[in-house]
Amino acid sequence: GGEDLGNKFLQLTYDQEADEFLQFSFNATSSFPPRILMALKQVLMTFLQKNLGWNRPDARAFSKLSNLYVASEAQFAAFLQPSITKKPLNILDVGSGMGSETKKIATVLGVEHENVVTLESSKPLQKVLRSKGFTVGDIMPQQTKFSLVSLLNVLDRTEDPHSLVNAAINSLAPDGTLLVGIVLPFQDIIEESWGKRSLPEKRLKIRFKKKASFELGAYNFLEAILNEHPRLELQNWSKLPYLSSGNMKRTHFLLDMALMSFKVLPEGKARVTQIPPVTQVKDVADSSPSNVDPSSIPMCENKKDDGIFKFLRSTMEAQGMGSWGDVLDAGAGASSLCFILRGDFDSTTEVTATEDGTYGAKKLRKAVRGVDTIDIVVGNWKDSAFLVDEKYDVVVADYLLGAVEMFWPHGADGMIDRIVAA
């Protein structure tokens, strides 16, 4: 029998560094002068993406809107201490961003910046990293072996996560440590130019998505990683808030993140930690079926798919598309909702612009009461902050262009940009 993953969990405590980051983010939008500066930065970021074709990470970096927070120095020290038994000689950090977290890790491990190699594809961020004294590259070093390789929040933003993990394993020195940070539940997306995002070419086989709890998300992620990389042995893991600075409407953004450390086993050695079958992991989100019988929803009882929806369904089936994953119904109505309910999906977010009316939130909530996989959301695509950080596998836009004028006059182009970006 294997060791229970619960015994590998390391509790970390909230400390002053997180407060300082939140205060910094608050100060950036708390009064008129910094709000003007924030607005100008956001205008610049949008211009770089829409007019010059920059991708989102590059535009954010150039506009100096890339402030992220993973952990404090004390938290990194407490987390890494059980895994690292001798002084590290060097560090490889993949996807270093501004280098703030890289600097903390180097400090707690006593590694000079000249012995830290950072990999970052963004040219503006490379410039920042060089200014901090780090060695900067954009491809994995082939010869050097490292005491620590860190992959902090990059596996959900890369085209081939398993190849990246393999490269990280091959870059580790004997008894080296692999440090992984990942937002859970896992949701992968590739940020490209304005209004253009795509799914990775080779995705992790994650069983559950948005509706999974953090704990089930951790099991699912570990299952996908450890099944593919049998030489990895989990040392410990923890839960932390992943913070990022905000915008004109919010002082900051918060996501749940897992921090995990691994060792690489010698060839032929059996792994101690085992991942239990997912059926043994209880989760509220998995307690209701993803597919809902449309006949149980009164508004769908006599609502059949029209010719367009029949064509769409047959086309998706012909393309071999199984589960639709997480669905966005960008303009909720009876026809589109019932169409989605007849499909195989993980969750659907139904967007309506008003609480009242024929397809207002009140009526929709009443119609789907008790169905946990359906979220009714009130909002306007004109609002740049509305669902801005959400990502979906399928977007349904049924008669949305015809209805948008009522809530966003002359906003059809902007609305299309928004839902394509989702």
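Cut-offs applied
- Residues numbered from 1 in each chain as written.
- Predicted model: local features only at pLDDT ≥ 70, side-chain atom pairs only at ≥ 80, totals over all residues.
- Heavy atoms only, no water.
- Helix = DSSP H or I, 4+ residues; strand = E, 2+ residues; numbered from the N terminus.
- Buried < 20%, exposed > 50% of the residue type's maximum accessible area, 1.4 Å probe, protein only.
- Contact = heavy atoms within 4.5 Å.
- Areas by Shrake-Rupley, 256 points an atom, 1.4 Å probe, with all protein chains shown as cover.
- Lys, Arg positive; Asp, Glu negative; His and termini not counted.
- Charge placed at Lys NZ, Arg CZ, Asp CG, Glu CD.
- Core = buried A, V, L, I, M, F, W, Y, C linked by side-chain atoms within 4.5 Å.
- Polar contact = N/O pair within 3.5 Å; in protein donor to acceptor, adjacent residues only side chain to side chain.
- pLDDT = per-residue confidence, 0-100.
- Disulfide = S-S within 2.5 Å.
- Phe/Tyr/Trp six-rings, centres within 6.5 Å; stacked < 30°, edge-to-face > 60°.
- Lys NZ or Arg CZ within 6 Å of the ring centre and 35° of its normal.
- Salt bridge = Lys/Arg side-chain N within 4 Å of Asp/Glu carboxyl O.
- Expected span 1.5 Å × (residues − 1).
- Arc of directions from axis to C-beta.
- Pairing = 2+ DSSP bridges.
- Axes fitted to C-alpha atoms, helices over the stretch in contact; angles between N-to-C directions.
- Left-handed = near helix turned anticlockwise from the far one by under 90°.
- Nonpolar A, V, L, I, M, F, W, Y, C, P; charged D, E, K, R; others polar.
- Parallel < 35°, antiparallel > 145°, perpendicular 65-115°, else oblique.

## Re the overall build of the chain
Stage number 1. Looking only at helices and strands, the chain features 13 helices and 14 strands.
Stage number 2. Once the C-alpha set of the chain is aligned to its principal axes, its extents read approximately 70 × 60 × 40 Å.
Stage number 3. Within the chain, buried positions represent 48% of all 422 residues.
Stage number 4. Look at the contacts in the chain between residues 6 or more apart in sequence, and 70% of them connect residues 24 or more apart.
Stage number 5. If you sum the accessible surface of the chain, you get close to 20,900 Å²; carbon and sulfur atoms cover 54% of it.
Stage number 6. Averaging the coordinates of the 47 positive side-chain charges in the chain and doing the same for the 52 negative ones gives two points 2 Å apart.

## Description of the nonpolar core
Stage number 1. With 37 residues, the main nonpolar core has L151, L155, L178, F221 and F262 as its most contacted residues.
Stage number 2. Looking at this core, the elements with two or more residues in it are β2 (91-94), β3 (116-119), β5 (146-152), α7 (161-170), β6 (172-183), α8 (214-228), β9 (232-245) and β10 (252-264).
Stage number 3. With eight residues, the top contributor of residues to this core is α8.
Stage number 4. Apart from residues lying up to four places away in sequence, L155 is in contact with P161, L164, V165, V180, I182, F186, F221 and I225.

## Focus on the side chain of S238
Stage number 1. Along the chain, the position of S238 falls in strand β9.
Stage number 2. Here S238 falls in the buried class, since its relative accessible area comes to 1%.
Stage number 3. Separated by 2.5 Å, the side chain of S238 and the backbone oxygen of L10 make a polar contact.
Stage number 4. If sequence neighbours within four positions are ignored, S238 has contacts with F9, L10, Q11, L12, F79, M257, A258 and L259.

## Observations concerning the confidence of the model for the chain
Stage number 1. Averaged over every residue, the pLDDT of the chain is 84; residues scoring 70 or more account for 90%.
Stage number 2. Overall, residues 278-290 carries pLDDT values under 50, and its contacts beyond four positions in sequence, including any with other chains, amount to 21 contacts.

## Some thoughts on the state of the cysteines
Stage number 1. One pass over the full model with this rule turns up one disulfide.
Stage number 2. Note on cysteine connectivity: C300 is disulfide-linked to C338, with sulfurs 1.9 Å apart. Disulfide C300-C338: torsion about the S-S bond near -90°, hence left-handed. Taken together, the positions of C300 in the loop between β10 and α9 (307-318) and C338 in helix α10 (residues 334-341) put the pair 38 residues apart, joining distant regions of the chain.

## Describing the packing of aromatic side chains
Stage number 1. This model, assessed by the stated rule, comprises seven aromatic pairs.
Stage number 2. Judged by centre distance (5.1 Å) and plane angle (70°), the ring pair of W381 and F386 falls under edge-to-face.
Stage number 3. When its relative accessible area of 7% is taken as the criterion, W381 is described as buried.
Stage number 4. Accessibility expressed as a relative area gives 8% for F386, which makes it buried.
Stage number 5. By way of ring pairs, the aromatic residues F309, W324 and F339 are connected into one cluster.
Stage number 6. The cationic tip of K239 hangs over the ring face of F214; the distance from NZ or CZ to the ring centre is 4.7 Å.

## Points about the pattern of salt bridges
Stage number 1. For the structure on display, the rule yields twelve salt bridges.
Stage number 2. Taking the shortest distance from any N to any O, the salt bridge between E101 and K104 comes out at 3.2 Å. With E101 and K104 both in helix α5 (residues 100-109) and three residues apart, this pair spans about one turn of that helix.
Stage number 3. Among the residues examined, K104 registers a relative accessible area of 10% and is labelled buried.
Stage number 4. Where D188 meets R203, a salt bridge forms, and the shortest distance between an N and an O atom there is 2.8 Å. Of this pair, D188 sits in the loop between β6 and β7 (190-191) while R203 sits in the loop between β8 (197-198) and α8, and the two are 15 residues apart along the sequence.
Stage number 5. Judged by relative accessible area, D188 falls into the buried class, the value being 6%.
Stage number 6. On the basis of relative accessibility, which here comes to 33%, the residue R203 falls in the partly exposed class.

## Remarks on helix α2 (residues 32-52)
Stage number 1. A rise of 1.5 Å per residue sets the reference length of α2, with its 21 residues, at 30 Å; its end C-alpha atoms lie 29 Å apart and thus fit the reference within 8%.
Stage number 2. Restricting attention to buried positions, one finds in α2 the residues M38, M45, L48 and Q49. Along α2, the residues classed as buried sweep out an arc of 90° about the axis, all on the same side. Residues of α2 that are exposed and angled more than 90 degrees away from the buried face: F32, P33, L40, V43 and N51.

## Quick word on the sheet that holds strand β12 (residues 347-352)
Stage number 1. Read from one edge of the open sheet, four strands run β13-β12-β11-β14, paired in parallel fashion. A single partner strand is all that each edge strand has here, and the edge strands are β13 (374-378) and β14 (394-396). Across the sheet, the mean angle from the axis of one strand to that of its neighbour is 20°, orientation sign disregarded.
Stage number 2. Relative to β12, strand β11 (residues 326-329) is paired through four bridges, and the arrangement is parallel. When the bridges of β12 are listed, V327 appears paired with T348.
Stage number 3. Across the sheet, α10 lies against β11, β12, β13 and β14, angled at about 170° from β11, the strand it touches most.

## Side note on the packing of helix α12 (residues 400-407) against helix α13 (residues 412-421)
Helix-helix packing is described using two parameters, namely the angle between the two axes and the distance between the axes.
Stage number 1. The contact between α12 and α13 brings their axes to 10 Å, and the two run at 115°. Judged by the twist between their axes, the crossing of α12 over α13 is right-handed. Residues L400, L401 and V404 of α12 form the contact with α13, whose participating residues are A412, M415, I416 and I419.
Stage number 2. Tallied by class, the residues present in the contact of α12 with α13 amount to seven nonpolar, no polar and no charged.

## Considerations on the packing of helix α4 (residues 73-80) against α5
Stage number 1. Taken N-terminus to C-terminus, the directions of α4 and α5 make an angle of 55°; their axes are 9 Å apart at the nearest point. In terms of orientation, α4 and α5 fall into the oblique class. Along this stretch, α4 crosses α5, giving a crossing that reads as right-handed. Of α5, the residues touching α4 (which contributes E73, F76, A77 and L80) are E101, K104, I105, T107, V108 and L109.
Stage number 2. Classifying every residue of the contact of α4 with α5 gives six nonpolar, one polar and three charged.

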